[in-house]
Amino acid sequence: MTEPHSESNEEHAGTSLKTEVAGLVGQNLRITRALKTLSAGNRTLLRATDEQVLLAEMCRVAVVHGGYRLAMVNYAMQDDAKSVRTVAHHGSNNGFIEALNLTWSDTERGQGTVGIAIRSGKHCIFRSTSDDPRFRPWRDRAIEHGFLSLISLPLRVDDLVIGTFTLLAGEEDAFDRAEFDLLDEVAADLSFGISVIRTRIKKAESEQLARRALTRDAVTGLLNRSAFLLELSAIIEANVHRPEPITVLVVRLTRLQEIYDGFGYDPGLEVLRELARRLEAVLGSNVTLGRLQSDEFGVFLPAHDARAASIVAAKLQTTLAEPVSVGEIAIDVAATIGSSFYPGHGDEAEMLLRRAAIAAREGARKDAPYYTYTGTSQRENPERLALAAELRRAIDQQELILHYQPKVDLKTGRIVGAESLVRWMHPKRGLIPPLQFIPLAEETGLIRQMTYGIIESAIRQQHAWVRRGVELPVAVNLSVRNLYDPRLVDAYTEQISTWGIEPRLIDFEITESALVDDPERAKQVLSFMRNRGASIYIDDFGTGYSSLNYLVSLPVHFLKIDRAFVTQMKARKEARAVVASVISMAHNLGLLVVAEGVETQEEADTLNALGCDQGQGYFFHKPLPASEYEKLFH
Ligand code: C2E
Ligand code: MG
Ligand code: MG
């Protein structure tokens, strides 16, 4: 390293001993300053967590420890002018830097060391600022400041030259081989330092995004249901020792579905965002606001009793009554606000929220803008309680049976599988359709036990069919509540192994709106089933508000286009267009499409022409008892 540079050796041959010694000493000094820069720079690198601080510190080290006159970091901007920005420097320069006006384009002001180093990706040295013709634009000022030679070393991040580390020295002919080698290392270290910091920041950002996704609603950015519940629980807990009333409000949008149907999804989402903004504006940033499900917002107000709550509710109604403009259109939004109070209506977050939601629904039915939970509605209704008791018994006595509705390949007309649909064989009332008892089961929690039973029946049935040589998948419908049930996955696994059924023979359907309420939870449960080999269907697609892009982040294979679209295809051009675009987008995203509720030959033909993969509906087959379904194969 200390060997003299060979060129300069020859050049200096024949000069006096004195100059030779002076040359050697000078060279040692230069190596020393580069070394000092390197080692002090290393300490800086280890400590720096901020890019700007790192750059400034490296420049400082080069001047203070290394003895260079001026050190700069210049970044190449990706603008049209290919400009260069000095992002850090150290050393007095009296306006020299401001006047640089550098570029990395191949023009006159791009012929300095910085421009050349950025373009070529290699270091560039001017040994004499006064003689080098390329340096002319900056020469006079440089000489004035005693900057007599300079080097620019490229800085690279991810194989891209992002700029240079540039050092100016007070003597000519600086930066010989040995010094350059060391400085090259300094620049490589600095590049490494920058990329470490940038990677760290990117990682922190994506972690933050991931955390946000867990607690935030994707459309409005408000807290999602689980995060809202957590906060409410925390407030209730903190409130236990000196109880103050707490109000829970649920704002229910009663026309959201109509808005989607009439104006489309994107305007619908726009409306939701605007409403979220308005609610926030009225409530202020101290109040916790969340999006609980597709058409419900939730608010809780600590230290608010019924009187105070009704004032807030009135303010909210006023802001919600203003139409929302989306583009040229003004959309009217109708909302009902329901309320419940701690401790009068319960002392658990979940219960308070449920009761406020019941009140909102009740209010909507009565056309009341604001409605307080009354305690005698729905849940406590004696008739419903009696029915719930009967349902409990029915589950134990296996009065619930499954019907099977075939899914048909639209091209070949062949049956490719079936959906299981539950029915209640009531000893007195006869066959009760699912929509009359599933909501009750969901509200009372009976849905858990019920779903275990349904999964077990479907698996038992599959076992029997497989033995008879029919090996087609059967899909089980899941409720959103099932996704919150930590036992579900075990119950499923136990039955699969008990009956030795291939997991690919039991699929799952889940409605779009359920997926949107708590996507992370849904993802976990569905991923588990999917990894075992089940296909996952998104049911009633088109009735929620999720974007397809969002859905592909979920472990799903099939979309089931909601019956409403299929039915309206003939009468309404828009419905047909929606179906066509859902099919083509789904295919682009690698999903298959099933159309629900196909009732006519014409619908089947249209769907087939649009490329829809499968169909299901009365036109092919109604839901059939198991004994009828199996006849289709013999
Ligand atoms: P879904 O999963 O979307 O099921 C399709 C519904 O449409 C079924 O009604 C079916 O009988 C009906 N359907 C099928 N083809 C046609 C048609 O061509 N025209 C008409 N008008 N209707 C048709 P069902 O059996 O009354 O079930 C209603 C809903 O109840 C289901 O909607 C599903 O969300 C729920 N459900 C049914 N069984 C279960 C179950 O085992 N568990 C859970 N959690 N939910 C279930
Ligand atoms: Mg279904
Ligand atoms: Mg459906």
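This structure is a prediction, so every number in the text was calculated from the model and none was measured. (Residues numbered from 1 in each chain as written. Chains lettered and ligands numbered in written order. Predicted model: local features only at pLDDT ≥ 70, side-chain atom pairs only at ≥ 80, totals over all residues. Heavy atoms only, no water.)

## What about a nonpolar patch on the surface?
The cut-off we apply is this: Here a patch means residues that are over 30% exposed by relative accessible area and free of salt bridges, tied together within 9 Å if like-charged and within 5 Å if nonpolar (Val, Leu, Ile, Met, Phe, Trp, Tyr). Only the protein chains shown count as cover for residues, with accessible areas throughout obtained via the Shrake-Rupley method and a probe of 1.4 Å. Each salt bridge in this description consists of a side-chain nitrogen of Lys or Arg and a carboxyl oxygen of Asp or Glu lying within 4 Å of one another. Relative accessibility thresholds used throughout: buried, under 20% of the residue-type maximum; exposed, over 50%; partly exposed, between the two (1.4 Å probe, protein chains only).
On the surface, Ile401, Met425 and Leu431 cluster together into a nonpolar patch covering about 250 Å² of accessible area. Under the relative-accessibility criterion, leucine 431 is labelled partly exposed at 46%.

## Re the sheet that holds strand E6 (residues 246-253)
Worth spelling out the cut-off: By this definition, two strands are paired if DSSP reports at least two bridges between them. Where helices and strands are cited, they refer to DSSP runs of H or I of at least four residues and of E of at least two residues respectively, numbered from the N terminus. Angles here are taken between N-to-C directions and fall from 0 to 180 degrees, while the axes themselves are lines fitted to C-alpha atoms, restricted in helices to the stretch in contact. Note on contacts: a residue pair qualifies if any of its non-hydrogen atoms lie within 4.5 Å across the two residues.
Spatial ordering of the open sheet is given by E7-E8-E6-E11-E12, a layout of 5 strands whose pairing is mixed. This sheet does not close on itself; its edge strands, each paired only once, are strand E7 (288-293) and strand E12 (370-372). Across the sheet, the mean angle from the axis of one strand to that of its neighbour is 25 degrees, orientation sign disregarded. Two strands pair when backbone bridges link them, and E6 and strand E8 (residues 296-302) are joined in this way by 7 bridges, in the antiparallel orientation. Its bridge partner being in E8, isoleucine 246 is matched across the sheet by proline 302. With respect to the sheet, helix H11 (residues 349-365) is in contact with E6, E7, E8, strand E11 (335-342) and E12, its orientation differing from that of E11 by roughly 145 degrees.

## Let's talk about the nonpolar core
Under the convention used in this document: Think of a nonpolar core as a cluster: buried Ala, Val, Leu, Ile, Met, Phe, Trp, Tyr and Cys residues, connected wherever their side-chain atoms sit within 4.5 Å.
Core analysis: the biggest nonpolar cluster contains 76 residues, and Phe437, Met450, Phe508 and Leu607 have the highest contact counts within it. Top element by residues in this core is helix H14 (residues 447-467). It accounts for 8 residues. Those residues in contact with phenylalanine 437 that lie beyond four places of it in its chain are Leu391, Leu400, Val422, Arg423, Trp424, Ile432 and Met450. Listed in part, the 38 residues of the second largest apolar core include Val63, Tyr68, Val87 and Leu155.

## Some points on the packing of aromatic side chains
Basically, it comes down to this: Only Phe, Tyr and Trp rings are paired, with Trp represented by its six-membered ring, and only when their centres lie within 6.5 Å; those with planes under 30 degrees apart are stacked, over 60 edge-to-face, the remainder tilted.
Counted according to the given criterion, the structure contains 14 aromatic pairs. An angle of 50 degrees between the planes, with centres 4.9 Å apart, marks the rings of tryptophan 465 and tyrosine 629 as tilted. Of this pair, tryptophan 465 sits in helix H14 while tyrosine 629 sits in helix H23 (residues 626-631), placing them 164 residues apart in sequence. Accessibility classification places tryptophan 465 together with tyrosine 629 in one group, the buried group.

## Quick word on the coordination of the magnesium ion (ligand 2)
Metal coordination angles have textbook ideals: 109.5 degrees for a tetrahedral set of four donors and 90 or 180 degrees for an octahedral set of six. Threshold: Any nitrogen, oxygen or sulfur atom within 2.8 Å of a metal ion counts as a donor, with the limit raised to 3.2 Å for Na, K and Ca, and since water is left out, coordination shells can look unfinished.
Within the protein, Glu419 (OE), Asn477 (OD1), Glu509 (OE) and Asp539 (OD) serve as the donor atoms for the magnesium ion (ligand 2), at 2.0 to 2.3 Å. Within one chain, the residues serving as donors to the magnesium ion (ligand 2) are arranged as E-x57-N-x31-E-x29-D. Between the magnesium ion (ligand 2) and the magnesium ion (ligand 3), the interatomic distance is 4.2 Å, and aspartate 539 donates to each metal, bridging them. Of this pair, glutamate 419 sits in strand E14 (residues 415-426) while glutamate 509 sits in strand E17 (residues 506-511), and the two are 90 residues apart along the sequence. Here the two residues glutamate 419 and glutamate 509 agree in accessibility, since each one is buried.

## Some points on the pattern of salt bridges
In this structure the tally under the stated criterion is 30 salt bridges. A salt bridge links arginine 134 to aspartate 132; its shortest N-O distance comes to 3.1 Å. Residue arginine 134 is classed as partly exposed on the basis of its relative accessible area, which comes to 39%. For aspartate 132, a relative accessible area of 15% puts it in the buried group. As a salt-bridge pair, lysine 366 and glutamate 362 come within 3.3 Å of each other at their nearest N and O atoms. Classification of lysine 366 by relative accessible area gives partly exposed; the value is 48%. A network of salt bridges, in which partner residues are shared, links Glu390, Arg393, Glu399 and Arg429.

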